[in-house]
Amino acid sequence: MWDYSEKVKELFKNPRNVGEIKNPDAIGDVGSIICGDALKLTLRIDKKTEIIKDAKFKTFGCASAIASSSALTEMIKGKSIEEASQITNKDIAQYLGGLPGEKMHCSIMGMEALEAAIANYRGAGLKKKVVGKEKVICECFSVTDKKIIKAISQNQLKSVEAVTNYTKAGGACGRCKPEIEKILREYWEKEATKRKAGKAKEKKKLTNLERISLIQKTVEREVRPGLQTDGGDIELVDIDRNKVYVKFLGTCLGCPSSGLTLKSFVEAKLKELVDSDIEVYEVRG
Amino acid sequence: MKEVVYLDNNATTKVAPEVFDAMRPFLTEQYGNPSSMHSFGGGVAKHIEQARERVASLVGAEDPSEIVFTGCGTESDNTAVLSTLKSYPDKKHIITTKVEHPAILNLYKHLETKGYQATYLDVDSQGLFNVDQLEAAIRPDTALISVMYANNETGVIFPINEIGRIARSRSIPFHTDAIQAVGKFCFEVGELSVDLLSLSGHKFHGPKGVGALYVKKGTRFFPFMIGGHQEKGRRGGTENVASIVGLGVAAKLAKENRDVETSKVEKLRDKLEDSILKNISGVRVNGHRQRRLPNTSNIGFEHVEGEAILLLLDEKKIAASSGSACTSGSLTPSHVLKTMGVPVSFIQGSVRFSLSRYNTEEEIDYTIKSIPEIMDRLRKISPFA
């Protein structure tokens, strides 16, 4: 039995905006009966203001698919196309008070239907061009690399299992799992280098004053609260270039592992958030 | 009406009140270990033997010693398969069907990673098993044939006697997973060419956590659970006395009530099924309508999804189950219905109703009344209907 939120249950039992708009200004048709879920979204759009005046859906699928569709229509009504296009699957899941992990793909279906409808409104050519560059990774559910990467990036997915929950890729025969793993690895490696590059840039800019202030902030916000949960504490005594002098207080005083705490927690935090050159020394008495 | 209209008896069944009453003393005063020398413990052993006789009698074993108690149906299946393979270490080929329960299917898949080659036989569009394909699949190094007696999803019954005869003529051990069959229709295992047969207590009003394996006299056997001398060294571990006693009483009740109750259950099942077929468009019965368990009806509802049906049934306090992808926790629908080639527009909307002798006509009438409304609601939402 799935642990659905009250909102999912409510929208499943009493879905809003069920139906099909006659002569709609946009249609988004995604999924298929073979995949186990499908959604047809129809929109009425004011051509001048580009505001979505009405939205209706028809969905084949489980409770969370129906609830996600209903949520989507409620979320986009009254919004401009520009605003609506910012909606991600995360927003849909949030609107629903969360979805079970295995059901996240239902929220993605909602987002895709909206994207398809907007592409349809803007002229169908747009979507097709992009498809040419994509590569189908999961043959069973026809999931492309682009869809997988998007799900990883929007939802910060870290495992193959999570990717399956969000996109269904790898959920049937499982043959594509190594490829999903590769995509995940490449994505996160790229992210890590981006972060590093970003940090290096930031650090160069620090003046002495900024640096001292950042060390103070880091000790206040990151280090002390961590120690305080164990009844310990720390006081910043002095800063001399890359050397930081601190004094242990509370239970940290005389704690046999305070040396370890100094290196693996205090210094590690400062290295991570301020500068990798930082060395921390304990001042006693 | 009861709190729930329980139409999911192939998943598990209500513990019969007589079963519970019989179990109670062994969870309270009579807690002795049947292996003990003192009469307080040792006295319990005779209740286990009585249960063994009752189970033997239900399945038609020649001798009670052919019954080994286990912890569940899955353990019985695992014991049967692994014991046989250990008995014939040079043979590396194993045969089963594509529609087995995961207890066999996943075990076979596991064995494929351990140097075994497996053949998975087909069923036809009505879920029936054609024995001709079996002959063709047999190899000189075939160690075991394992075919279920009745399918848990469709209720379709397989020609176990014919399969057994073929197996015997080629001197290949034959195991049948009879977990859905036992207690639901009459058979005498002694008269079938079966070497090993699995059963599970909670599928016929016994408790959960107890099963049994029939091991025909003369069959080579190695224990799965290695330990003490219990079950004559065939299954180590202190006996689950209360559950074994409960299983015995469930077996006794099943045998006593079998004919009368099955016909009653069958009538109710047919009433439910006929009325759904008559009153709702876009429905089909998955599985052969005659060669089938009397309690099971697997119905495909076109263009609607099974989980949604189950949740709306649940709202009306009707409990059933589905072969749809969404309900399984995996993303693929029932392997049984897929093997049968059930059309995709029906497969996701398949619902299994499985009855028991505790269901009443009133409950079935209530279900018959509830279903059309549910279908209306869901088909209004569906883009395909």
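Residues numbered from 1 in each chain as written. Chains lettered and ligands numbered in written order. Predicted model: local features only at pLDDT ≥ 70, side-chain atom pairs only at ≥ 80, totals over all residues. Heavy atoms only, no water.

## Quick look at the environment of Gln86(A)
Residue and element names in this part refer to chain A. Using the following cut-off: Strands are runs of DSSP state E lasting at least 2 residues, helices are runs of H or I lasting at least 4, and numbering of each runs from the N terminus. A 3.5 Å cut-off defines polar contacts: any pair of N or O atoms within that distance qualifies, except that in protein one atom must be a possible hydrogen donor and the other a possible acceptor, and neighbouring residues in sequence count only when both atoms are side-chain atoms.
Mapped onto the elements of the fold, Gln 86 is located in the loop between helix H3 (81-84) and helix H4 (89-95). For the pair Gln 86 and Glu 115, spaced 29 residues apart in sequence, the C-alpha separation works out to 9.8 Å. Within polar-contact distance, the side chain of Gln 86 engages the side chain of Glu 82 at 3.5 Å.

## Remarks on the interface of chain A and chain B
Many authors give the size of an interface as the accessible area that is lost as the parts come together. In plain terms, the rule: Contacts are assigned to residue pairs with any non-hydrogen atoms lying within 4.5 Å of each other. Take the accessible area each of two parts loses on contact, using a 1.4 Å probe, and add the two losses: that sum is the buried area. Should a side-chain nitrogen of Lys or Arg be within 4 Å of a carboxyl oxygen of Asp or Glu, the pair is scored as a salt bridge.
Taken residue by residue, the interface counts 31 residues in chain A and 24 residues in chain B. With both chains or domains summed, chain A and chain B bury close to 2,100 Å², and 72% of this area falls on carbon and sulfur atoms. Of all residues in chain A, Phe12(A), Ile33(A) and Phe60(A) give up the largest surface area on contact with chain B, accounting jointly for 27% of the area buried on that side. Here chain A is connected to chain B by two salt bridges. For Glu315(B), the salt bridge is made with Lys13(A), and the minimal N-O distance between the two is 3.7 Å. Taken together, the links from chain A to chain B amount to six residue pairs in polar contact (both at pLDDT 80 or more).

## Looking at the sheet that holds strand E3 (residues 51-60) of chain A
All names here are of chain A. Here is the rule we go by: In short, DSSP must find at least two bridges between two strands for them to pair. Every angle, taken between N-to-C directions, lies between 0 and 180 degrees, and every axis is a line fitted to C-alpha atoms, over only the stretch in contact when it is a helix.
The three strands are arranged E1-E2-E3 in an open sheet whose pairing can be described as antiparallel. Since the sheet does not close on itself, it has two edges, and those belong to strand E1 (26-32) and E3, each with one partner. Going from strand to strand, the sheet's axes swing by 10° on average, the running direction of each strand aside. Here strand E2 (residues 37-46) runs beside E3; their pairing, made up of nine bridges, is antiparallel. Within E3, the residue paired with Leu 41 across the bridge is Phe 57. Against the sheet, helix H5 (residues 104-122) touches E1, E2 and E3, its axis set at about 140° to E1.

## Observations regarding the packing of aromatic side chains
What counts is decided by this rule: In summary, the pairing rule links any two rings of Phe, Tyr or Trp, Trp by its six-membered ring, whose centres are within 6.5 Å, and it sorts them by plane angle into stacked for under 30 degrees, edge-to-face for over 60 and tilted for everything else. When accessible area is computed with a 1.4 Å probe and restricted to protein chains, residues below 20% of their type maximum are described as buried, those above 50% as exposed, and intermediate ones as partly exposed. Placement of a charge over a ring requires the Lys NZ or Arg CZ to be within 6 Å of the ring centre, with the centre-to-atom vector within 35 degrees of the ring normal.
Counted according to the given criterion, the structure contains nine aromatic pairs over all chains. Ring geometry for Tyr31(B) against Phe40(B): centres 5.0 Å apart, planes inclined by 70°, an arrangement best described as edge-to-face. Overall, Tyr31(B) belongs to the exposed group, its relative accessible area being 61%. Here the aromatic cluster, defined as three or more aromatic residues joined through ring pairs, consists of Tyr149(B), Phe185(B) and Phe187(B). For Lys158(A), the ring lying beneath its charged end belongs to Trp188(A), and the centroid distance is 4.5 Å.

## Digging into the pattern of salt bridges
Close approach of charged atoms allows side chains of opposite charge to pair. This model, assessed by the stated rule, comprises 41 salt bridges over all chains. Between Glu191(A) and Lys194(A) there is a salt bridge, and its shortest N-O distance comes to 3.0 Å. You can see Glu191(A) and its partner Lys194(A) sitting in helix H9 (residues 177-205), three residues apart, about one turn around the helix. Among the salt bridges present, the one from Asp21(B) reaches Arg24(B), with a minimum N-O distance of 3.9 Å. Residue Asp21(B) and its partner Arg24(B) are located together in helix H1 (residues 17-27), separated by three residues, close to a single helical turn. With a relative accessible area of 48%, Asp21(B) lands in the partly exposed category. Among the residues examined, Arg24(B) registers a relative accessible area of 43% and is labelled partly exposed.

## Structural notes on empty space enclosed by the protein
As a reminder, the rule being used: Grid points spaced at 1 Å over the protein atoms alone were grouped into cavities, where a 1.4 Å probe fits but cannot get out, and pockets, open sets with protein on both sides within 12 Å along at least five of seven lines, with lining residues defined by an atom within 4 Å of a point. Grid points are joined across faces, edges and corners, and a volume is the space filled by probe spheres set on the points. Under this grouping Gly is polar, as are all residues other than the nonpolar Ala, Val, Leu, Ile, Met, Phe, Trp, Tyr, Cys and Pro and the charged Asp, Glu, Lys and Arg.
On inspection of all chains with the given rule, the structure shows three cavities of 30 Å³ or more. What lines the largest cavity is a set of 18 residues, among which Gly183(B), Lys184(B), His205(B), Ser356(B) and Arg357(B) lie closest to the centre. Each residue belonging to the lining of the largest cavity can be placed in one class, and the counts come to five nonpolar, eight polar and five charged. Computed from the structure, the second largest cavity encloses a volume of approximately 40 Å³. Along its surface, the second largest cavity is lined by Thr59(A), Phe60(A), Gly61(A), Ile66(A), His303(B), Val304(B), Glu305(B), Ala308(B), Leu378(B), Ile381(B) and Ser382(B). Going through the elements one at a time, E3 of chain A together with helix H13 (361-381) of chain B are the ones with two or more residues in the lining of the second largest cavity.

## What about the state of the cysteines?
Residues and elements named next belong to chain A. What counts here: Two cysteine sulfurs form what is called a disulfide whenever their separation falls within 2.5 Å.
Going through the model one piece at a time under the given rule, you end up with zero disulfides over all chains. Of the cysteine sulfurs around Cys 176, a residue in no disulfide, the closest is that of Cys 138, at 4.3 Å. Judged by its relative accessible area of 8%, Cys 176 falls in the buried class.

## Remarks on the confidence of the model for chain A
Our working definition: Per residue, pLDDT captures the predictor's confidence, and it can take any value from 0 to 100.
Mean pLDDT over chain A stands at 87; residues scoring 70 or higher make up 95%. By mean pLDDT, helix H6 (residues 125-133) of chain A is the weakest element of chain A at 50, and E3(A) is the strongest at 96.

## As for the sheet that holds strand E6 (residues 174-177) of chain B
All names here are of chain B. The seven strands lie next to each other as E2-E8-E7-E6-E5-E3-E4, forming an open sheet whose pairing is mixed. Among the strands making up the open sheet, the edge pair consists of strand E2 (67-70) and strand E4 (117-121). Geometrically, the sheet is characterised by an average inter-axis angle of 20° between neighbouring strands, direction not taken into account. The pairing of strand E7 (residues 196-200) with strand E8 (residues 211-215) spans five bridges and is classified as antiparallel. Of the residues in E8, the one forming a bridge with Leu 196 is Val 215. In the packing of helix H2 (residues 39-59) onto the sheet, the strands contacted are E2, E7 and E8, and the crossing angle to E2 comes to about 115°.

## Digging into helix H6 (residues 160-169) of chain B
All names here are of chain B. This is how the line gets drawn: Arc definition: it is the arc formed by the directions from the helix axis to the C-beta atoms.
The set of residues buried in H6 consists of Ile 160, Ile 163, Gly 164, Ile 166 and Ala 167. Buried residues of H6, viewed axially, fall in a sector of 160°; they line one side. Contacts from the buried residues of H6 go to helix H5 (132-137), strand E5 (142-146) and E6. Phi turns positive one or two residues past the end of H6, at Ser 171, with a value near 55°.

## Thoughts on helix H1 (residues 6-13) of chain A
Among all positions in H1(A), only Val8(A), Leu11(A) and Phe12(A) are buried. The buried residues of H1(A) all sit within an arc of 105° when viewed along its axis, so they share a single face. Residues of H1(A) that are buried sit in contact with helix H2 (63-76) and H4 of chain A together with helix H9 (306-315) and H13 of chain B.

## Points about the pairing of strand E3 (residues 93-97) of chain B
Residues and elements named next belong to chain B. Note the cut-off: Classification remark: right-handed applies to a crossover when, strands pointing away from the viewer, the course from the first strand over the helix to the second runs clockwise.
Most of E3 sits inside the fold, with five of its five residues counted as buried. Neither face of E3 is left uncovered, since the one carrying His 93, Ile 95 and Thr 97 and the one carrying Ile 94 and Thr 96 both have all their residues buried. Where E3 lies against E4, five bridges are found, and the strand directions are parallel. Within E4, the position partnered with His 93 by the bridge is Gln 117. Handedness of the crossover is the feature at issue here: the chain leaves E3, passes through helix H4 (residues 102-112), returns alongside E4, and the resulting connection is right-handed. Two strands pair when backbone bridges link them, and E3 and E5 are joined in this way by three bridges, in the parallel orientation. Bridge assignment links Ile 95 to a residue of E5, and that residue is Ile 145.

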